[in-house]
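Below, each chain spelled out in residue letters.
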Amino acid sequence: MMRKIIEIDEAKCNGCGLCANACHEGAIGMVDGKAKLLRDDYCDGLGNCLPVCPTGAITFVEREAAAYDEAAVQANLSAKQAQQPLACGCPGSQARAIERTTAAPTASAVPAASELRQWPVQIKLVPVHAPYFDGAHLLVAADCTAYAYANFHQDFIRNKITLIGCPKLDEGDYSEKLTEIIRSNNIKSVTVVRMEVPCCGGIEHAVRTALQASGKFLPWQVVVVSTDGKILEQ
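Bear in mind the structure is a predicted one, so any value in this text is a computation, not a measurement.

Novice: Explain the pattern of salt bridges to me, please; I cannot follow it from the model alone.
Specialist: Opposite charge on two side chains lets them pair, provided their charged atoms get close. Scanning the model with the defined rule gives seven salt bridges in all. The partner of R158 in a salt bridge is E115, with the nearest N and O atoms 3.3 Å apart. Of this pair, R158 sits in the loop between α4 (152-157) and β6 (161-165) while E115 sits in the loop between α2 (70-83) and β5 (137-142), placing them 43 residues apart in sequence. Between E180 and R183 there is a salt bridge, with the nearest N and O atoms lying 2.8 Å from each other. Here R183 and E180 lie together in helix α5 (residues 175-184), a separation of three residues that amounts to about one turn. Look at E180 and you get partly exposed, because its relative accessible area is 32%. Here the salt bridges do not stand alone but share partners, grouping R194, E204 and R208 into one network.

Novice: Help me understand the nonpolar core, please; the structure alone is not making it clear to me.
Specialist: Soluble globular proteins: nonpolar side chains tend toward being buried together. One finds F133, L138, V140, L163, L178 and V190 to be the most contacted residues of the largest nonpolar core, which totals 25 residues. Elements that contribute at least two residues to this core include exactly β5, β6, α5, β7 (189-195), α6 (201-214) and β8 (220-225). Counting residues per element, this core draws most heavily on α6, at five residues. Membership of the second largest hydrophobic core comes to 22 residues, among which are Y42, C43, V61 and L77.

Novice: Mind showing me how you'd approach α6 here?
Specialist: Because each turn of an α-helix spans 3.6 residues, side chains separated by three or four positions end up pointing in the same direction. In a regular helix each residue adds 1.5 Å, so 14 residues correspond to 20 Å; α6 covers 20 Å between its end C-alpha atoms and thus fits that length. Of all 14 residues in α6, ten are buried, a share of seventy percent or more. Along α6, the positions that sit buried rather than exposed are G201, G202, I203, E204, H205, A206, V207, A210, L211 and S214. On the buried face of α6, the contacting elements are β4 (58-64), β5, β6, α5, β7 and β8.

Novice: How do you make sense of the environment of D32 when you look at a structure like this?
Specialist: Inspection of the secondary structure puts D32 in the loop between β2 (28-31) and β3 (34-37). Its relative accessible area of 78% is what places D32 among the exposed residues. Between the C-alpha atoms of D32 and G15, which are 17 residues apart in sequence, the distance is 8.8 Å.

Novice: Even after reading the chapter, I still don't get the packing of aromatic side chains, so can you show me in this structure?
Specialist: One pair of aromatic rings is described through two measures. These are the centre distance and the angle between the planes. Counting across every chain of the model gives three aromatic pairs. Feature note: the residues Y149, F152 and F156 constitute an aromatic cluster, connected by ring pairs. Lying over the aromatic face of F60, K4 brings its terminal NZ or CZ to 5.3 Å of the ring centre.

Novice: Would you mind showing me how to read α5 here?
Specialist: The complete set of buried residues in α5 reads S175, L178, T179, I181 and I182. Buried residues of α5, viewed axially, fall in a sector of 165°; they line one side. If you follow the buried residues of α5, they end up packed against β5, β6 and α6.

Novice: What exactly am I supposed to notice about the packing of α5 against α6 here?
Specialist: For any two helices packed against each other, one specifies the inter-axial angle together with the distance between the axes. Put simply, α5 and α6 touch, their axes get as near as 8 Å, and they point 45° apart. One way to sum up the angle between α5 and α6 is to call them oblique. Crossing geometry of α5 relative to α6 is assigned as right-handed. Contacts from S175, L178, T179, I182 and R183 of α5 reach α6 at A206, V207, T209, A210, L211, A213 and S214. Counted by class, the contact of α5 with α6 contains seven nonpolar, four polar and one charged residues.

Novice: Explanation requested: the state of the cysteines in the structure shown.
Specialist: Counted by the stated rule, this structure contains zero disulfides. With no disulfide partner, C49 has as its closest neighbouring cysteine sulfur the one in C23, 6.2 Å distant. Its relative accessible area of 6% is what places C49 among the buried residues. No disulfide involves C53; its sulfur sits 6.2 Å from that of C16, the nearest cysteine.

Novice: Teacher, can you tell me more about unusual backbone geometry here?
Specialist: Peptide bonds are trans in most cases, and residues, glycine excluded, mostly fall at negative phi. Of the consecutive residues W119 and P120, the connecting peptide bond is found in the cis state with omega at 0°. The topology assignment puts P120 in the loop between α2 and β5. One non-glycine residue, D32, lies in the positive phi region at around 55°.

Novice: What exactly am I supposed to notice about the side chain of T162 here?
Specialist: Looking at the element boundaries, T162 is found in strand β6. The contacts of T162, once residues within four sequence positions are left out, are L116, Q118, V121, L139 and I157.

Rules behind the numbers
Residues numbered from 1 in each chain as written. Predicted model: local features only at pLDDT ≥ 70, side-chain atom pairs only at ≥ 80, totals over all residues. Heavy atoms only, no water. Salt bridge = Lys/Arg side-chain N within 4 Å of Asp/Glu carboxyl O. Helix = DSSP H or I, 4+ residues; strand = E, 2+ residues; numbered from the N terminus. Buried < 20%, exposed > 50% of the residue type's maximum accessible area, 1.4 Å probe, protein only. Core = buried A, V, L, I, M, F, W, Y, C linked by side-chain atoms within 4.5 Å. Expected span 1.5 Å × (residues − 1). Contact = heavy atoms within 4.5 Å. Phe/Tyr/Trp six-rings, centres within 6.5 Å; stacked < 30°, edge-to-face > 60°. Lys NZ or Arg CZ within 6 Å of the ring centre and 35° of its normal. Arc of directions from axis to C-beta. Axes fitted to C-alpha atoms, helices over the stretch in contact; angles between N-to-C directions. Parallel < 35°, antiparallel > 145°, perpendicular 65-115°, else oblique. Left-handed = near helix turned anticlockwise from the far one by under 90°. Nonpolar A, V, L, I, M, F, W, Y, C, P; charged D, E, K, R; others polar. Disulfide = S-S within 2.5 Å.

This is the structure:
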């Protein structure tokens, strides 16, 4: 079948291994000091490896390739976990408990107001030519960020038009839709908020690709949130 899949330029690869670590499907391995796509059916086509490559050795191509086989991926990861019990196939799905100290509510506490300025918010659902995009400061956020970061509405949604998605769970690539939104509207700036886990790199890559494809030069920034709700990069 014809589908989107990664391609690795061996001449550009410096052997750092960051892409292999970021690929939670186990599709990329290090062979003779170079990154290599081990099996087509292990690559889900989301491109979580692209943002971490420091040399630009990884790109998307559309070619004849075996369909992504989730069952084969899980079987491969299970086999690796059996050999290395502490390994985790996908860091983003690794179970962990987060200890919190709960403060007692005060009588004067005022409920926080929503800062959301439009509906819908899902990237897949929002219309490309919605009037609220005119002059908008765009927020493109991974689903989990609003749950992890307590002050999300006040610090990120306020005065922005919000689009959310999950590159791990949603079908397809966001970059084409985001390209059309940026190209067709008077967008003033773009803020990307993602989680620290590797699979969230897909949403950052989609925005980067959309900005380049749109032909516009806009101010943009990426904010990385840790799984325990702290800002790691801004």
